[in-house]
Amino acid sequence: MRAAPSSIVAFDAAYDRSTFDCGSGPLNRYLREQVTQDIRRRIAACFVALAGGRSVAGYYTLSTASVPLADLPSDITCKLPRYAAVPAVRMGRLAIDQAFKGQGLGGALLYDALRRAARSEIAAFALVVDAKDDQAAAFYRHHGFMELSASSLALFLPLATVR
Ligand SMILES: CC(C)(COP(=O)(O)OP(=O)(O)OC[C@H]1O[C@@H](n2cnc3c(N)ncnc32)[C@H](O)[C@@H]1OP(=O)(O)O)[C@@H](O)C(=O)NCCC(=O)NCCS
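Remember, predicted model here, so these are calculated numbers, not experimental data.

Engineer: I'm lost on the sheet that holds strand E3 (residues 55–68) in this one. Help?
Structural biologist: Spatially, E1-E2-E3-E4-E5-E7-E6 is the arrangement adopted by the 7 strands of the open sheet, whose pairing is mixed. Of all strands in the sheet, those bounded by a partner on one side alone are strand E1 (5–10) and strand E6 (146–148). Averaged over neighbouring strand pairs, the angle between their axes works out to 30 degrees when direction is ignored. Relative to strand E7 (residues 151–158), strand E5 (residues 126–130) runs antiparallel, the two being bridged by 5 bridges. Paired with Val-128 across the bridge in E7 is Phe-156. Running over the sheet, helix H1 (residues 25–40) touches strand E2 (45–51), E3 and strand E4 (85–96) and is turned about 65 degrees from E3. Its contacts with the sheet put helix H4 (residues 134–142) on E4, E5, E6 and E7, and the angle it makes with E7 is roughly 20 degrees.

Set out below in structure tokens:
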């Protein structure tokens with residue numbers, strides 16, 4: 001039996017990622033092989049849920065982004081200035097180890113990402129995500145995310161609703 005995740009902290013290369021398996025090869029490989037470089041190059045920040053003190057049970061990444069105003073629904077753009085695009089934070093990846101799925105950890109990591117983006121001193125209008133498939137998009141819609149017009153897999157949540 002695996003220990004229940006107890007904390008969400010910034011990624012550290014010392015944490016154990018060797019057995020992490022969320023069921024998606026690209027998301028597993030990213031955590032094992034790519035994330036350290038992306039953090040060093042300031043391409044992405046990564047936060048992890050730890051189980052047993054040092055084993056990664058789930059992770060997500062955050063980077064800056066920009067959303068063309070034309071991709072947002074008109075009931076939202078009518079309240080925004082007429083800029084070509086608005087600033088956003090992109091959650092590029094979110095993944096939970098299969099041993100911990102269905103226990104609220106995905107929701108907890110999503111909430112942590114929204115809270116982190118909403119309390120940043122650098123302004124962003126929304127958290128945006130690129131869901132990897134329809135099932136992932138359904139997870140985000142369940143949490144109140146809305147579709148951007150560019151694709152049904154691109155979704156956003158205004159950060160003012162989080163604060
Ligand atoms: C999608 C994923 C992150 C969900 O994580 P999880 O820990 O299993 O989800 P949780 O247990 O936190 O679920 C939280 C809520 O979301 C709901 N939910 C979970 N998966 C869902 C889905 N695919 N569609 C709709 N709702 C979903 C749960 O029913 C729960 O609802 P509740 O709070 O009302 O009870 C996880 O399954 C995963 O890592 N999948 C593989 C990678 C992936 O698809 N990443 C998505 C980004 S590309």
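Engineer: Would you explain the packing of aromatic side chains in this entry?
Structural biologist: The relation between two aromatic rings is expressed through the spacing of the ring centres and the mutual angle of the planes. Evaluation of the coordinates by the stated rule reveals 5 aromatic pairs. Judged by centre distance (6.3 Å) and plane angle (15 degrees), the rings of Tyr-30 and Tyr-59 are stacked. Of this pair, Tyr-30 sits in helix H1 while Tyr-59 sits in strand E3, and the two are 29 residues apart along the sequence. Here the two residues Tyr-30 and Tyr-59 agree in accessibility, since each one is buried.

Engineer: Before we go on, may I ask you to explain the site of the ligand in this structure?
Structural biologist: Close to the ligand lie 20 residues, the nearest being Leu-94, Ile-96, Gly-104, Gly-106 and Gly-107. Within the backbone of Phe-139, a nitrogen or oxygen atom sits 3.3 Å from a nitrogen atom of the ligand. His-142 is positioned with one of its side-chain polar atoms (N or O) 2.9 Å from an oxygen atom of the ligand. Expressed as a share of its isolated accessible area of 930 Å², the protein-covered part of the ligand is 69%. Counting residues per element, the ones that place at least two in the shell around the ligand are E4, helix H3 (105–118) and H4. Residues belonging to the shell around the ligand are distributed by class as follows: 10 nonpolar, 8 polar and 2 charged.

Engineer: Which parts of the structure should I look at to understand the nonpolar core?
Structural biologist: Soluble, globular proteins show a tendency: their nonpolar side chains are buried together. Grouped together as the largest cluster of nonpolar side chains are 29 residues, with contacts concentrated most on Tyr-60, Leu-62, Met-91, Leu-127, Tyr-140 and Phe-145. When residues of this core are traced back to their parent elements, those giving at least two are E2, E3, E4, H3, E5, H4 and E7. It is H3 that contributes the most residues to this core, 7 residues altogether. Excluding residues that lie within four positions of it along the chain, Tyr-60 makes contacts with Ala-45, Cys-46, Phe-47, Met-91, Arg-93, Leu-94, Leu-109, Asp-112, Ala-113 and Arg-116. Counting residues in hydrophobic clusters, the runner-up holds 15 residues, among them Phe-20, Leu-27, Leu-50 and Tyr-59.

Cut-off values and rules
- All residue numbers refer to positions counted from 1 along the written sequence of the respective chain.
- A pLDDT threshold of at least 70 governs which residues receive local features in this predicted model, and a stricter bar of 80 or more applies before side-chain atom pairs are shown or counted, although totals over entire chains, interfaces and linings include all residues.
- Only hydrogens and water are set aside; all other atoms, that is, all heavy atoms of the structure, feed into the side-chain values.
- For two strands to be treated as a pair, DSSP must find at least two bridges joining them.
- For the purposes of this entry, the term helix denotes a DSSP run of H or I that reaches at least four residues, the term strand denotes a run of E that reaches at least two, and both are numbered from the N terminus.
- To get an axis, a line is fitted to the C-alpha atoms, and for a helix only the part in contact is used. The angle between two axes follows their N-to-C directions and goes from 0 to 180 degrees.
- The contact definition used throughout considers only heavy atoms, calling two residues in contact when any of these lie within 4.5 Å.
- Here is the rule: rings of Phe, Tyr and Trp (six-membered ring for Trp) pair when centre to centre is within 6.5 Å. Planes less than 30 degrees apart are stacked, more than 60 are edge-to-face, and the remainder are tilted.
- Residue burial is assigned from relative accessible area. The probe radius is 1.4 Å, only protein chains are included, and a residue is buried under 20% of its type maximum, exposed over 50%, and partly exposed in between.
- Whether a residue is near a molecule or strand depends on its heavy atoms: if one lies within 4 Å, it is near.
- Polar contact is defined as a pair of N or O atoms within 3.5 Å, subject to the rule that within protein one atom must be able to donate a hydrogen and the other to accept it, and that residues adjacent in sequence are counted only when both atoms are side-chain atoms.
- Throughout, the Shrake-Rupley method with a 1.4 Å probe supplies accessible areas, and for residues the shown protein chains are the sole cover considered.
- Here the term charged refers only to Asp, Glu, Lys and Arg, the term nonpolar to Ala, Val, Leu, Ile, Met, Phe, Trp, Tyr, Cys and Pro, and the term polar to all other amino acids, Gly among them.
- As used here, the term nonpolar core means buried Ala, Val, Leu, Ile, Met, Phe, Trp, Tyr and Cys residues forming a set that is joined through side-chain atoms within 4.5 Å.

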